[in-house]
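Tertiary structure, described
Residues per chain, in single letters:
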Amino acid sequence: MDWLSRQFSTRVIVLMPIAIAINIVLGATVQQALKLPIYLDSIGTILVGVVAGPFAGLLTGVLSNLIWGYLLPAPIGSTTIGPFAIVAGVIGLLAGVWGRLGLFRSRRGESSSIPGAVVAVILVGALAVYTYARAYASPTDFQNNTGFDPATIDQSRIFFLLILVVFVALIAVALFLRRDVGAVYAIGAGLVTGIVAAIVSAPIAAVVFGGVTGSGTDLLVAAFRAGGDSLVSATLKQGLLSDPMDKMITSFVVFFIIGNLSQRFIARFPNGERLVSTSSM
Amino acid sequence: MTADRPTGSPPSPPDFVLQAPSGAYLSLNPATKLLVAAVEVEAAFLVGTWTGPVLVLLLVLASAAIAGVLPRLAVIVAVTVPIVASIMLINGFLYPGAVDVIVRIGPLAPSVSGFQFGLQITLRLLAASLALAVAYLATRTDDLLSDLERRGFGRRATYVIGSAIETVPRTVDRAAEIVDAQRSRGLDTEGRWWRRARGIVPLAAPVVFGALTEVEERTMALEARAFSTPGPRTVLRVLPDSTPQRLGRYVLLLALVAMIVGRITGPLAVLP
Amino acid sequence: MSLRLEGVSYRYAGSTATVLSGVDLVVERGEVVGLVGANEAGKTTLCLVAAGLAPATIGGRLVGTVHIDDLSTAVARPFELAQRCGTLFQNPATQLSGTAPTVWEEIAFGPRNLALPLAEVVARVEEAVRLLAIGDLVRRDPARLSGGQAQLIALAGVLALRPSYLILDEPTSQLDPQGTRLVGDALAALAAHANVGVLIVEHKTDLLAGLASRVAVIEAGRLVAGGPAADTLADERLPGWGVQPPAPVRLARAAAAAGVSLG
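Just so it is clear, the structure is predicted and the values come from calculations on it, not from any experiment. (Residues numbered from 1 in each chain as written. Chains lettered and ligands numbered in written order. Predicted model: local features only at pLDDT ≥ 70, side-chain atom pairs only at ≥ 80, totals over all residues.)

**Quick look at the overall build of chain C**
When its secondary structure is counted, chain C shows 10 helices and 10 strands. A compact globule built from 263 residues would reach a C-alpha radius of gyration of about 18 Å, and chain C, at 19 Å, matches this within 12%. Dimensions of chain C, computed from C-alpha atoms along their principal axes, come out at roughly 65 × 40 × 30 Å. Classification of the 263 residues of chain C by burial places 52% in the buried group. When contacts within chain C are restricted to residue pairs at least 6 apart in sequence, long-range pairs at least 24 apart make up 66% of them. (Helix = DSSP H or I, 4+ residues; strand = E, 2+ residues; numbered from the N terminus. Rg over C-alpha atoms; globule rule 2.2 N^0.38 Å. Buried ≥ 20, exposed ≤ 12 C-beta atoms within 10 Å, placed from the backbone. Contact = placed C-beta atoms within 7 Å.)

Take a look at the structure:
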């Protein structure tokens, strides 16, 4: 029980509502003001998971969506968010695991981390290839009820390429701007989180909303359905495209935030000692 | 303040703290209203394909009328318009495997079964979200939190929820100020997607860092007010509850379980 | 019985810089002690250490001892400290719990945390309200108060824990002149009527001159002067420590420099 209560120190309890507000406000702004096909509604969740632990992350994610969906009045509140509370919880839980593994630790100027980073990129890349090959190259698994010939489209390469481009671009930006190998681990963790999030959220989106969410990503769902995909298959494909990109960007942002906060501040959180660069202590 | 109460009786919080909601439906205990909403949501998804959503929708509208929140439901319905449009268009025009296609226009194939499916999803969604909206509109958040705390919810949980609800509007204001300021300096909120994407960093960074600077101050202020004392807090007010409501809640809990059983074993699945 | 710092040195966690060194300071119940010094001299750190928030809440390394009556802050837990020593910070907005719909419930936040009987909670809220004369605010929404009003409510929230000592870290620095007067008057009334020992950091030395019986000066983490308020605030070295003397002292000096006698 001690490890559990330590995740909820007063400092974490204070951080959680602030993180929830960051999730909701940025999520709503990006979707409504900037109208981009990403969500950016889990910065707070991933931040709490990383600095405080898996259970705190899980609760932050779940509460974000429940409050956003059900406890806020209409212009901000949006009933479409509530059912995805489970997904948000999984995202926070994973972030907590990544934080425990030290994947968000700054490794500025640690050349000894480079081989590890290369291995991480290869492992994450292999996982991504496997997932996308299953989702796109053999769509029969997902579209048994469509009667559509899966051989005529092979979108897998295009979409996998897109994800890979974002993955590599973010890593390049991280290495170029911050000279920090640690970003590679964080972005890789984001990619994995995104894939898991897509797999968890597809059935929810399909059952509750008929595959749509009323946001920019609906166009993608429409495109897949026009291509003949079933409901779950189309939402899964949309998710596998949007979620990894979103979570890679979010993880990169969180890594950047942690790197820019005072080390003294970060060190006071339950997971603090696993986040502060060993060379700066 | 001391003049508010007759001398001699034990001191109690002033009336404006204790006042409980009055009026039909509104005066029900928050736990009852929450449970009613949960049963309605579940029914919308588990009872038949049309029966559940339609029944729940009627029930929700009736309770909203009794509670006097019917006009405010209109706003909730307005918010769901984009998603309802999405649901109808995507399913209506792009329903894979439909045999009753009306007309084919390129990749678009509007079909009867597609529109039926879209309508069914829409009804479910409306029923579920309006059920929750009525619970929300008929309950003050503070009442809900007081009641949860009295039922053994910890101080940490109620703080997180209460504080989040208070923090969101403040953060919205700050984000709006930042968007305005960045717009006047050329942030693009209407242009092509990559131009809009470039706007994320100058928008997100001040919001996030501004919010995080408060963490230390708030932590110390809470500690200075004995927040980390172990155990439950003093209950300030007990919201009215009644035996019929308590019995009713057991019935509702039974209904929650019964619907799952009914759906799995079949009787609810075969309903229209 | 007093708030005593003996041979106190302190450094923050994750930092090698010593922010306080060799500080000795005593605050008795019923007296007001002022603390002045330049920015970054260690005033806020001294407040945190004296209140026990450092190291209990923020960690760091404390050398020497801090006793609040008979309780050593090195071993005490935050909620035990909060009942003996109240702390008021600079920013009124972040000190309110943000979970109370009315000012009355905001003030009750602390006593409720202690799980006191309801009648005791009510008595303490009413006492704090009476002490600060804020009866006309109790029905208001704490989120819609002016800065000065919010700071008064924050003070009331701390007083409702009935501390023996109060640490005030620049309580008026973020307030407009009106708010400063509001809080200043309340503090003066409090110092006169409540039997609490007060340690107040305040760069508005005019306010301090009217409140404090003793004043100490901190520079680079050390107490470099201390004594009766009138003497310390008239010390000629004050501007050299980055502290502006009160207006009467400056006036007298300017007059003396100009060769005018103010009798």
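So, next bit.
**Points about the overall build of chain B**
Helix and strand counts for chain B stand at 12 helices and 0 strands. Mapped from its N terminus to its C terminus, chain B presents α and β elements in the order α-α-α-α-α-α-α-α-α-α-α-α. Against the compact-globule benchmark of 19 Å for 272 residues, chain B has a radius of gyration of 25 Å, which places it well outside the compact range. C-alpha extents for chain B along the principal axes are approximately 80 × 60 × 35 Å. Burial status across chain B gives 36% buried among its 272 residues. Within chain B, contacts between residues at least 6 apart in sequence are counted, and of these 68% link residues at least 24 apart.

**What about the interface of chain C and chain A?**
The extent of an interface is frequently quoted as the accessible surface area lost upon association of the parts. Between chain C and chain A, the contact holds 6 residues from the first and 6 residues from the second. Residues that form the side of chain C that touches chain A fall into these classes: 3 nonpolar, 3 polar and no charged. (Nonpolar A, V, L, I, M, F, W, Y, C, P; charged D, E, K, R; others polar.)

**Description of the sheet that holds strand E3 (residues 32-37) of chain C**
All names here are of chain C. If you walk across this open sheet you meet the 6 strands as E6-E7-E8-E3-E9-E10, and the pairing is mixed. Each end of this open sheet is capped by a strand with a single partner; those strands are strand E6 (85-88) and strand E10 (222-228). Strand after strand, the sheet turns through a mean of 15 degrees between neighbouring axes, direction not considered. Summarising the sheet, strand E7 (residues 165-169) and strand E8 (residues 197-201) pair through 5 bridges and their orientation is parallel. Pairing of Ile 167 across the sheet is with Leu 199, part of E8. (Pairing = 2+ DSSP bridges. Axes fitted to C-alpha atoms, helices over the stretch in contact; angles between N-to-C directions.)

**Some words on unusual backbone geometry**
Residues and elements named next belong to chain C. Geometrically, the link from Ala 54 to Pro 55 is a cis peptide bond, its omega value of 5 degrees lying close to zero. If you trace the backbone, Pro 55 turns up in helix H2 (residues 53-56). With phi around 60 degrees, Ala 115 is a residue other than glycine that occupies positive phi space. When you line up the elements, Ala 115 lands in the loop between helix H4 (103-113) and helix H5 (118-132). Here Arg 162, not a glycine, exhibits a phi torsion of approximately 50 degrees, which is positive. Within the secondary structure, Arg 162 is located in the loop between helix H6 (147-159) and E7.

**Some details on the nonpolar core**
Within the largest apolar cluster, 241 residues are counted, with the highest numbers of intra-cluster contacts made by B:Ala131 and C:Ala156. Setting aside its immediate chain neighbours within four residues, B:Ala131 contacts B:Ala37, B:Glu40, B:Val41, B:Val56 and B:Val60. (Core = buried A, V, L, I, M, F, W, Y, C linked by C-beta atoms within 7 Å.)

**Some thoughts on the packing of helix H4 (residues 54-71) of chain A against helix H8 (residues 155-184) of chain B**
Packed helix pairs are specified by the crossing angle of their axes together with the interaxial distance, meaning the distance between the axes. Packing of H4(A) against H8(B) brings their axes to within 11 Å, and their N-to-C directions diverge by 55 degrees. As judged from the angle between their axes, H4(A) and H8(B) are oblique. The two elements H4(A) and H8(B) cross, and the hand of that crossing is right-handed. For the pair H4(A) and H8(B), contact is made by A:Leu63, A:Ile67 and A:Leu71 and by B:Val160, B:Ile161, B:Ala164 and B:Ile165, respectively. Tallied by class, the residues present in the contact of H4(A) with H8(B) amount to 7 nonpolar, no polar and no charged. (Parallel < 35°, antiparallel > 145°, perpendicular 65-115°, else oblique. Left-handed = near helix turned anticlockwise from the far one by under 90°.)

**Section: helix H7 (residues 141-150) of chain B**
Those residues of H7(B) not exposed but buried are B:Leu144, B:Leu145, B:Ser146, B:Asp147 and B:Glu149. Each element contacted by the buried residues of H7(B) is listed here: helix H2 (30-46) and H8 of chain B.

**Overview of the pairing of strand E9 (residues 214-219) of chain C**
Residues and elements named next belong to chain C. Counting buried residues in E9 gives 5 out of 6 residues, a clear majority hidden from the surface. Summarising the sheet, E3 and E9 pair through 5 bridges and their orientation is parallel. Bridged to Leu 35 within E9 is Ala 216. Sheet topology places E9 next to E10; 6 bridges connect them, and they run antiparallel. Following the sheet pairing, Ala 216 is matched in E10 by Gly 226. If you look at the hairpin formed by E9 and E10, you'll find 2 residues sitting between the two strands, and Ala 220 has a positive phi there, around 50 degrees.

**Let's talk about the pairing of strand E1 (residues 2-11) of chain C**
All names here are of chain C. Note that E1 and strand E2 (residues 20-28) share 6 bridges and pair antiparallel. From the neighbouring strand, Val 8 faces E2, where its bridge partner is Val 23. Looking at chain direction, E1 and strand E4 (residues 61-68) are connected through 7 bridges and run antiparallel. Within E4, the position partnered with Arg 11 by the bridge is Arg 61.

**Quick word on the sheet that holds E4(C)**
All names here are of chain C. Read across the sheet, 4 strands follow the order E2-E1-E4-E5 without closing on themselves; strand pairing throughout is antiparallel. Strand pairing shows two members of the sheet lacking a second neighbour, E2 and strand E5 (71-72), which therefore form its edges. Packing against the sheet, helix H1 (residues 43-51) makes contact with E1, E2 and E4, and its axis sits at approximately 125 degrees to E1.

**So, the confidence of the model for chain C**
Residues and elements named next belong to chain C. For chain C, mean pLDDT is 91; residues scoring 70 or higher make up 99% of the total. Here helix H7 (residues 177-193) stands out as the element of chain C with the lowest mean pLDDT, 84, in contrast to H4, whose mean of 96 is the highest. Our summary of model confidence lists the complex with pTM equal to 0.87 and ipTM equal to 0.91. (pLDDT = per-residue confidence, 0-100.)

**Overview of helix H8 (residues 182-209) of chain A**
All names here are of chain A. Spanning 28 residues, H8 covers 38 Å between terminal C-alpha atoms, matching the ideal 40 Å at 1.5 Å per step. Its maximal kink placed at Ser 201, H8 deviates by approximately 35 degrees, while the proline Pro 203 follows within four residues. Of the residues trailing H8, Gly 210 is marked for its positive phi of about 65 degrees. (Expected span 1.5 Å × (residues − 1). Bend = angle between axes of the 7 residues up to and from the residue.)

**A short note on the environment of C:Thr87**
Summarising the element assignment, C:Thr87 is placed in strand E6. If we ignore the near neighbours within four places in the chain, the residues touching C:Thr87 are B:Ala224, C:Cys47, C:Ala51, C:Leu53, C:Val158 and C:Ile167.

**Overview of the environment of B:Glu149**
All names here are of chain B. Among the secondary structure elements, Glu 149 is positioned in helix H7. On a C-alpha basis, the gap between Glu 149 and Val 238 in space is 10.0 Å, while along the polypeptide they are 89 residues apart. Setting aside residues up to four positions removed in sequence, Glu 149 forms contacts with Thr 158, Arg 233 and Val 235.

**Observations concerning the packing of helix H3 (residues 43-52) of chain A against helix H5 (residues 85-100) of chain A**
Residue and element names in this part refer to chain A. One can describe the packing of H3 onto H5 by two numbers: an axis separation of 7 Å at closest approach and a directional angle of 35 degrees. The handedness of the crossing between H3 and H5 is right-handed. Residues Thr 45, Ile 46, Val 48, Gly 49, Val 50 and Val 51 of H3 form the contact with H5, whose participating residues are Ala 88, Ile 91, Gly 92, Leu 93, Ala 95, Gly 96, Trp 98 and Gly 99. Looking at the contact of H3 with H5, its residues break down into 9 nonpolar, 5 polar and no charged.

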